[in-house]
Structures are given as structure tokens and as C-alpha cells.
Amino acid sequence: MERMTLLAGTANPVLAAALARELGVELGGCEVRRFPDGEVDVRLTASVRRREVFVVQPTCPPVNDHLVELLAVADACRRSAAARVVAVVPYYGYARSDKRHGRREPITASLVAGLMEAAGIDHVLTVDLHTTQIEGFFRVPVDTLSAVPVLCEALRDRVPADAVVVAPDAGRVALATEYADLLDRPLVVLHKRRESGTETRVTHIVGEVRGRACVLVDDMISTGGTIVESVGALRDAGARPDFTVVATHGLLLRDAAARLAAAGVGTLVVTDTVPPAPSPPPGLHVVSVAPILADFIRRTAAETRDAG
Ligand code: R5P
């Protein structure tokens, strides 16, 4: 670890501090301020020359600000002769823009990958990417860690024996299968149709839910709309009103926490890839990803040291 430096932008100071503790290192000197016009003002306060630099910065809301911070810190490291810059981006903003749904649309997740590479990022470490194809947008290595095992560990004593694991849409079947296998519960799949940019409707339920408790899984909870809609459909299909929700990225924007509580979600388990919501819902449990990130960073730093 002696040739590594851990830096952080302002996106998730709590996670950055937890990671520093796990690694037993100090967070390196990196000041991030704003110019009066809102531009990002970054300054490294210690040398990174010939060091392997890990920059902790999930690109969570405000996504654009946090992304530009990350790019500016990486650029500062590159211009200061860092040996390697590893971006630790536990939540990858714009991940949902990973394909074109119609003509004349961007693939912003790919654009972001290009920006990160242009800024001098040599390696990206992330957690539960929305889709693995995003790794293909990069030419530099991308390592995607899974938070599913630690989330299942936290769920183990909270999930009734008769529960089913529910994928809220076809895109989450692989993720839900992983949970179902680890929790040893049957899988149920919902088919949803997008009615508009913010509205979806569940049209089919594949699997038996009558009288069963439900564990709904997703990679992220943003406005809570997907889960609220799914809970409604499961209730209508006769599921027991005992709903647990688990997701890696608990953004919980706007009134998501209140909406989930009103829908009858009693337990919500998320990780700390993004900072905690200002008014967390009752029954929220936050599991830290700092240990799995630290483990990966230790191994990477050791490999680089051995190779050098
Ligand atoms: C969709 O593909 C994602 O996996 C999530 O289901 C979705 O982004 C969650 O957003 P919201 O909470 O706003 O419904």
C-alpha cells in the first residue's frame, strides 16, 4: 500500500472515509471547491508522482457536477505524473442510457466512458453496473464488484421462509436469480411496460405469489416508481402484504422514501454506494461496500507493486 494514494471528490465522503479506515490509510490531499460561476476548482495538496492513485467518486446526483469533479481530479493526477489513476465509481451515473430506445438519442453511458478515458483514467472499479455491456464502452479495464452477497447476508434473518424473490422487470432477471439462489427462495418475474418517461405498468406475473411474502430486488431505487408499481401488482395478485426491497444503489430521490413506506414496504436494504437519503424511510438498513472495495484495492495495489 506504500505506493498508493487514496483521494476523494465530494460525492460520498462517508464512503470515502469508511474505505480509508478499511485500508488503514489517510485520505490524500485533494481540495474541491466551486468558482463563483459554479465551475469546479480542484487542487491536489500532496504529490502523487509515480503513485497509484485511487479516486473515490460515485457519479450520483447531482450527476453532472460529480462527474466533472471526477474528470478534473483525474486530469490533475495525470498532469502531476501519477503512475496510474483508478476511478472508484461505486455508482455509475447515466448507466441507464446504455442503448438507444429510438432514433436521434445518445448513448450517454458510452459518452461518459470516453470522457473518463480522455481525462486519463486507467482503470475503473464499480459496483453492480446497471448492465454489464457498459464495461464494453471502455478500452481500459473495468472491474464490476457485486454487492449481492453482502446484501443477502444482511437479508438472511429478515426474509420469511415462504418468501419469493421478485424481479421487477425482464432486465433484472439475472440479478434476481442471483438473489434467489443465495437466499434459496423461488423466483418470480414481472413484465412491465413503459407508459411514459416516468410511468410503467406491470402486465404479467410469471410465478406464484398468492399468500407469499415478497422480496423485490433491483439494482437501483431512484424515484421509487418501479417498486411502488410492482408492489401494487403483487398485492392485486394476492401476495401477503409483507414486502422487503433490496437494491444496491438507494438514491431515494424526491419523495421516494415516503412513497415506499406508503406502499407497504416494511424493510428496505441498500448499500452506501451513494450517500444516505435526507429523510430515510423506517425499516432502512444500509450495508457498506467499503470492505469489498478495500479488498479489491489491496489486491490491485499488491499486483502493481509485484509487477513494478
Ligand atoms: C430500471 O431499469 C432500473 O433497474 C430501475 O428499476 C429503475 O431505474 C428504478 O427507478 P425508479 O425508482 O425511478 O423507478
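Numbering of residues starts from 1 in each chain and follows the order in which that chain's sequence is written. With pLDDT at 70 or above as the cut-off, local features in this predicted model cover only qualifying residues; side-chain atom pairs require 80 or more to be listed or tallied, and sums for whole chains, interfaces and linings still use all residues. Just so you know, side-chain values use all the structure's heavy atoms and leave hydrogens and water out.

Brief notes about the domain arrangement of the protein
Part 1: By convention here, the domain bounds are inherited from an automatic or database domain assignment. Taken domain by domain, the protein comprises domain 1 (4-146 + 290-307) and domain 2 (148-287).
Part 2: Pairs of residues are marked as contacts when any of their non-hydrogen atoms sit within 4.5 Å. Between domain 1 and domain 2, the residue contacts involve 16 residues of the former and 16 residues of the latter.
Part 3: We define a salt bridge as a side-chain nitrogen of Lys or Arg found within 4 Å of a carboxyl oxygen belonging to Asp or Glu. Between domain 1 and domain 2 we count 0 salt bridges in total.
Part 4: Whenever a nitrogen or oxygen atom comes within 3.5 Å of another N or O atom, the pair is scored as a polar contact, on the condition that within protein one atom can donate a hydrogen and the other can accept it, and that pairs from neighbouring residues in sequence are kept only if both atoms are in side chains. For the pair domain 1 and domain 2, the number of links is 9 residue pairs in polar contact (both at pLDDT 80 or more).
Part 5: Three categories are distinguished: nonpolar for Ala, Val, Leu, Ile, Met, Phe, Trp, Tyr, Cys and Pro, charged for Asp, Glu, Lys and Arg, and polar for the others, with Gly belonging to the last. Across the side of domain 1 that touches domain 2, the residue classes tally to 10 nonpolar, 4 polar and 2 charged.

Concerning the sheet that holds strand 8 (residues 164-167)
Part 1: A pair of strands is treated as paired once DSSP finds two or more bridges between them. Comment: elements are numbered from the N terminus, with helices defined as DSSP H or I runs of at least four residues and strands as E runs of at least two. As summarised here, the arrangement of the 7 strands in space is 10-9-8-11-12-13-14, forming an open sheet in which the pairing is mixed. In this open sheet, the two strands that pair with only one neighbour each are strand 10 (200-206) and strand 14 (284-287). Neighbouring strand axes in the sheet, compared pairwise and without regard to direction, differ in orientation by 25° on average.
Part 2: Pairing between strand 13 (residues 265-271) and strand 14: 4 bridges, direction parallel. In the sheet register, Val269 faces strand 14, and the bridge partner there is His285.
Part 3: The axes are straight lines fitted to the C-alpha atoms, using for helices just the contacting stretch, and the angles between their N-to-C directions are given from 0 to 180°. Seen against the sheet, helix 5 (residues 173-183) touches strand 8, strand 9 (187-194), strand 11 (214-221) and strand 12 (243-250) and runs at an angle of roughly 170° to strand 8.

Some thoughts on the pattern of salt bridges
Part 1: Evaluation of the coordinates by the stated rule reveals 15 salt bridges.
Part 2: Across the salt bridge formed by Glu117 and Arg139, the nearest N and O atoms sit 2.9 Å from each other. Here Arg139 lies in the loop between strand 6 (123-127) and strand 7 (142-145) and Glu117 lies in helix 3 (residues 108-118), a separation of 22 residues in the sequence.
Part 3: Exposure categories follow from relative accessible area, calculated using a 1.4 Å probe and restricted to protein chains: below 20% of the type maximum is buried, above 50% is exposed, and the middle band is partly exposed. Taking relative accessible area as the criterion, Arg139 reaches 77% and is therefore assigned exposed.
Part 4: Here the salt bridges share partners, and the residues they tie into one network are Asp75, Arg78 and Arg79.

Concerning helix 6 (residues 225-236)
Part 1: In this scheme, a helix's expected span is set at 1.5 Å multiplied by one less than its residue total. Helix length check: helix 6 (12 residues) gives 17 Å between terminal C-alpha atoms against 16 Å at 1.5 Å per residue, within 8%.
Part 2: Considered for burial, the residues of helix 6 that qualify are Gly225, Ile227, Ser230, Val231, Ala233 and Leu234.
Part 3: Looking one or two residues beyond helix 6, the residue adopting positive phi is Gly238, at roughly 95°.

Comments concerning the pairing of strand 13
Part 1: Where burial is concerned, most of strand 13 is hidden: 6 out of the 7 residues are buried.
Part 2: Here 4 bridges tie strand 12 to strand 13, and the two strands are oriented parallel to one another. Within strand 13, the position partnered with Val245 by the bridge is Leu268.
Part 3: Clockwise travel from the first strand over the helix to the second, with the strands pointing away from the viewer, marks a crossover as right-handed. Remark: the strand 12/helix 7 (residues 256-263)/strand 13 crossover connection has right-handed handedness.

Looking at unusual backbone geometry
Part 1: A cis amide bond links Pro61 with the next residue in sequence, Pro62, at an omega value of -5°.
Part 2: The topology assignment puts Pro62 in the loop between strand 4 (52-56) and helix 2 (63-79).
Part 3: In the Ramachandran plot, Asp128 falls in the positive-phi region, its phi being about 40° despite a non-glycine side chain.
Part 4: In this structure, Asp128 sits in the loop between strand 6 and strand 7.
Part 5: Positive phi is not limited to glycine here, since Arg254 has a value of about 50°.

Some remarks on the environment of Leu253
Part 1: Along the chain, Leu253 falls in the loop between strand 12 and helix 7.
Part 2: Owing to a relative accessible area of 28%, Leu253 belongs among the partly exposed residues under this scheme.
Part 3: Taking the C-alpha atoms as reference points, Leu253 and Ala233, 20 residues apart in sequence, are found 22 Å from one another.

Brief notes about the site of the ligand
Part 1: Each residue is tested against the molecule or strand, and it is near if at least one of its non-hydrogen atoms lies within 4 Å. Taken together, Arg96, His130, Arg172, Asp218, Asp219, Met220, Ile221, Ser222, Thr223, Gly224, Gly225 and Thr226 form the complete shell of residues around the ligand.
Part 2: Contact between the ligand and Arg172: an oxygen atom at 3.3 Å from a side-chain N or O atom of the residue.
Part 3: Here an oxygen atom of the ligand sits 3.5 Å away from a polar atom, N or O, in the main chain of Gly225.
Part 4: The accessible surface values rely on the Shrake-Rupley method and a 1.4 Å probe; as for residues, cover is taken only from the protein chains in view. When the free accessible area of the ligand is taken as 380 Å², the share hidden by the protein chains comes to 87%.
Part 5: Among the elements of the structure, strand 11 and helix 6 are those that each provide at least two residues to the shell around the ligand.
Part 6: Element by element, the count of residues in the shell around the ligand is highest for strand 11, at 4 residues.
Part 7: Tallied by class, residues from the shell around the ligand come to 2 nonpolar, 6 polar and 4 charged.

Observations regarding the side chain of Thr300
Part 1: Along the chain, Thr300 turns up in helix 8 (residues 290-307).
Part 2: There is a polar contact of 2.8 Å between the side chain of Thr300 and the backbone oxygen of Phe296.
Part 3: For Thr300, the residues in contact, after removing those within four places along its chain, are Glu52, Phe54 and Arg84.

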